[in-house]
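Spelled out, the chains give:
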Amino acid sequence: AQRVTQPEKLLSVFKGAPVELKCNYSYSGSPELFWYVQYSRQRLQLLLRHISRESIKGFTADLNKGETSFHLKKPFAQEEDSAMYYCALSTGTASKLTFGTGTRLQVTL
Amino acid sequence: GAGVSQSPSNKVTEKGKDVELRCDPISGHTALYWYRQRLGQGLEFLIYFQGNSAPDKSGLPSDRFSAERTGESVSTLTIQRTQQEDSAVYLCASSRTGTRSYNEQFFGPGTRLTVL
């Protein structure tokens with residue numbers, strides 16, 4: 001069965017510092033990986049997906065199949081990045097998502 | 001247009017009672033998902049509907065849990081004889097189709113269920 005691990009419950013960084021939210025997965029096939037974000041008092045929403053190879057709000061994530069990782073990175077954290085971040089994996093055609101336990105990012109001045 | 005809506009937003013019930021949670025997906029979305037998030041844990045998949053296909057119920061934790069969907073619209077998740085461990089936020093999501101694994105899922109605001 002597939003699994004997603006986010007080892008940090010809380011990551012606190014200063015504004016302007018680089019951010020890396022870690023995500024590791026276990027799945028024997030070819031997964032689709034996503035990062036979802038939940039800002040305070042808002043609903044969970046997609047931030048980015050690996051297939052798009054895009055940068056959203058300055059965030060990027062590269063799928064490393066050798067290390068089975070999909071870490072989320074941003075070179076300079078902003079206060080508005082403070083939120084809960086969930087890494088998620090989808091397999092096959094059913095698209096149901098397997099989520100990690102989430103990392104709370106706190107950006108302070 | 002409107003996003004995914006869920007009702008009620010909060011539900012407090014007594015152990016042993018049945019509850020029904022409702023989800024209205026985005027119009028035109030053929031795929032609908034239910035997830036559960038218990039305190040301090042990630043979201044757990046419960047059930048998935050795709051068009052007229054048989055639902056994927058592989059995530060339902062027990063036979064006290066069931067869900068229905070009318071065509072490609074409203075879905076209800078029913079929990080019978082609720083237990084305290086059922087306390088969680090229940091999230092519904094919909095996507096344009098469930099047959100492409102990279103499709104974005106749009107989430108509702110959730111229903112917070114508390115079983116006393």
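Structural data are supplied above this passage.
Residues numbered from 1 in each chain as written. Chains lettered and ligands numbered in written order. Predicted model: local features only at pLDDT ≥ 70, side-chain atom pairs only at ≥ 80, totals over all residues. Heavy atoms only, no water.

**So, the pattern of salt bridges**
Following the criterion strictly, the structure yields 8 salt bridges over all chains and no others. Here lysine 73 of chain A ties to glutamate 20 of chain A by a salt bridge, and the two come within 3.5 Å at their closest N and O atoms. Residue lysine 73 of chain A is found in strand β8 (residues 72-74), and its partner glutamate 20 of chain A is found in strand β3 (residues 19-21); the two are separated by 53 residues along the sequence. We classify lysine 73 of chain A as partly exposed; its relative accessible area is 41%. Glutamate 20 of chain A gets classed as partly exposed once you look at its relative accessible area, which sits at 29%. Between aspartate 86 of chain B and arginine 64 of chain B there is a salt bridge; the shortest N-O distance is 2.8 Å. Separated by 22 residues along the polypeptide, aspartate 86 of chain B in the loop between β7 (75-79) and β8 (88-95) and arginine 64 of chain B in the loop between β5 (43-50) and β6 (65-69) bring together distant segments of the chain. (Salt bridge = Lys/Arg side-chain N within 4 Å of Asp/Glu carboxyl O. Helix = DSSP H or I, 4+ residues; strand = E, 2+ residues; numbered from the N terminus. Buried < 20%, exposed > 50% of the residue type's maximum accessible area, 1.4 Å probe, protein only.)

**Remarks on the interface of chain A and chain B**
How large an interface is tends to be reported as the accessible area lost when its parts come together. The interface is formed by 20 residues belonging to chain A together with 24 residues belonging to chain B. Interface area, chain A with chain B, both sides summed: about 1,800 Å², of which 51% is carbon and sulfur. Three residues stand out in chain A for area buried against chain B, namely Arg43, Ser95 and Lys96 of chain A, and they jointly supply 29% of the buried area on that side. Here chain A and chain B share 1 salt bridge between them. With a closest N to O distance of 2.9 Å, aspartate 56 of chain B and lysine 96 of chain A form a salt bridge. In this assembly, chain A and chain B are joined by 7 residue pairs in polar contact (both at pLDDT 80 or more). At the level of secondary structure, the elements contributing two or more residues to the side of chain A that touches chain B comprise β5 (32-38), β6 (45-49), β9 (83-90) and β10 (97-99) of chain A. It is β5 of chain A that contributes the most residues to the side of chain A that touches chain B, 3 residues altogether. Residue composition of the side of chain A that touches chain B, by class: 9 nonpolar, 6 polar and 5 charged. (Contact = heavy atoms within 4.5 Å. Buried area = accessible area lost by both parts, 1.4 Å probe. Polar contact = N/O pair within 3.5 Å; in protein donor to acceptor, adjacent residues only side chain to side chain. Nonpolar A, V, L, I, M, F, W, Y, C, P; charged D, E, K, R; others polar.)

**Some thoughts on the pairing of β5 of chain B**
All names here are of chain B. Across the 8 residues that make up β5, a large majority, 7, are buried. Sheet topology note: the strand β4 (residues 31-37)/β5 ladder contains 7 bridges and is antiparallel. Pairing of tryptophan 34 across the sheet is with isoleucine 47, part of β5. (Pairing = 2+ DSSP bridges.)

**Topic: the state of the cysteines**
Considering all chains together, one arrives at 2 disulfides over all chains under this definition. Across a sulfur-sulfur distance of 2.0 Å, cysteine 23 of chain A and cysteine 87 of chain A are joined as a disulfide pair. One disulfide, between cysteine 23 of chain A and cysteine 87 of chain A, carries an S-S torsion of -65° and so falls in the left-handed class. With cysteine 23 of chain A in the loop between β3 and β4 (24-26) and cysteine 87 of chain A in strand β9, this pair connects stretches of sequence that are 64 residues apart. By the burial criterion, cysteine 23 of chain A is buried, and cysteine 87 of chain A matches it. Paired by a disulfide, cysteine 23 of chain B and cysteine 92 of chain B hold their sulfur atoms 1.8 Å apart. What sets the handedness of the cysteine 23 of chain B and cysteine 92 of chain B disulfide is the S-S torsion sign, and at about -65° it is left-handed. (Disulfide = S-S within 2.5 Å.)

**Some words on the layout of surface pockets**
It is a probe the size of a water molecule, rolled over the atoms, that shows where empty space is left. A volume near 730 Å³ is recorded for the largest pocket. As for the largest pocket, its lining consists of 32 residues, of which Gln38 and Tyr86 of chain A together with Gln37, Val89 and Arg112 of chain B are closest to the centre. Mapped by element, the contributors of at least two residues to the lining of the largest pocket are β9 of chain A together with β8 and β10 (111-115) of chain B. Partitioned by chemical class, the residues of the lining of the largest pocket number 11 nonpolar, 15 polar and 6 charged. Approximately 350 Å³ is the volume found for the second largest pocket. Lining the second largest pocket are 17 residues; nearest its centre among them are Thr98 and Phe99 of chain A together with Leu43, Glu44 and Phe45 of chain B. Of all elements in the fold, only β1 (3-5) and β10 of chain A together with β5 of chain B reach the threshold of two or more residues within the lining of the second largest pocket. Here the residues of the lining of the second largest pocket are counted per class, giving 5 nonpolar, 9 polar and 3 charged. (1 Å grid on protein atoms, 1.4 Å probe; cavity = no way out; pocket = protein on both sides within 12 Å on 5 of 7 lines; lining within 4 Å. Points joined across faces, edges and corners; volume = space filled by probe spheres on them.)

**Observations concerning the sheet that holds strand β1 (residues 5-7) of chain B**
Residue and element names in this part refer to chain B. Here we have 4 strands laid out as an open sheet, ordered β1-β3-β7-β6, and antiparallel in their pairing. The two strands at the open ends of the sheet, each matched to only one other strand, are β1 and β6. Across the sheet, the axes of successive neighbouring strands diverge by a mean angle of 15°, strand direction being ignored. Relative to strand β3 (residues 19-24), β1 runs antiparallel, the two being bridged by 3 bridges. Its bridge partner being in β3, serine 5 is matched across the sheet by aspartate 24. (Axes fitted to C-alpha atoms, helices over the stretch in contact; angles between N-to-C directions.)

By themselves, these observations are geometric and do not establish any function.
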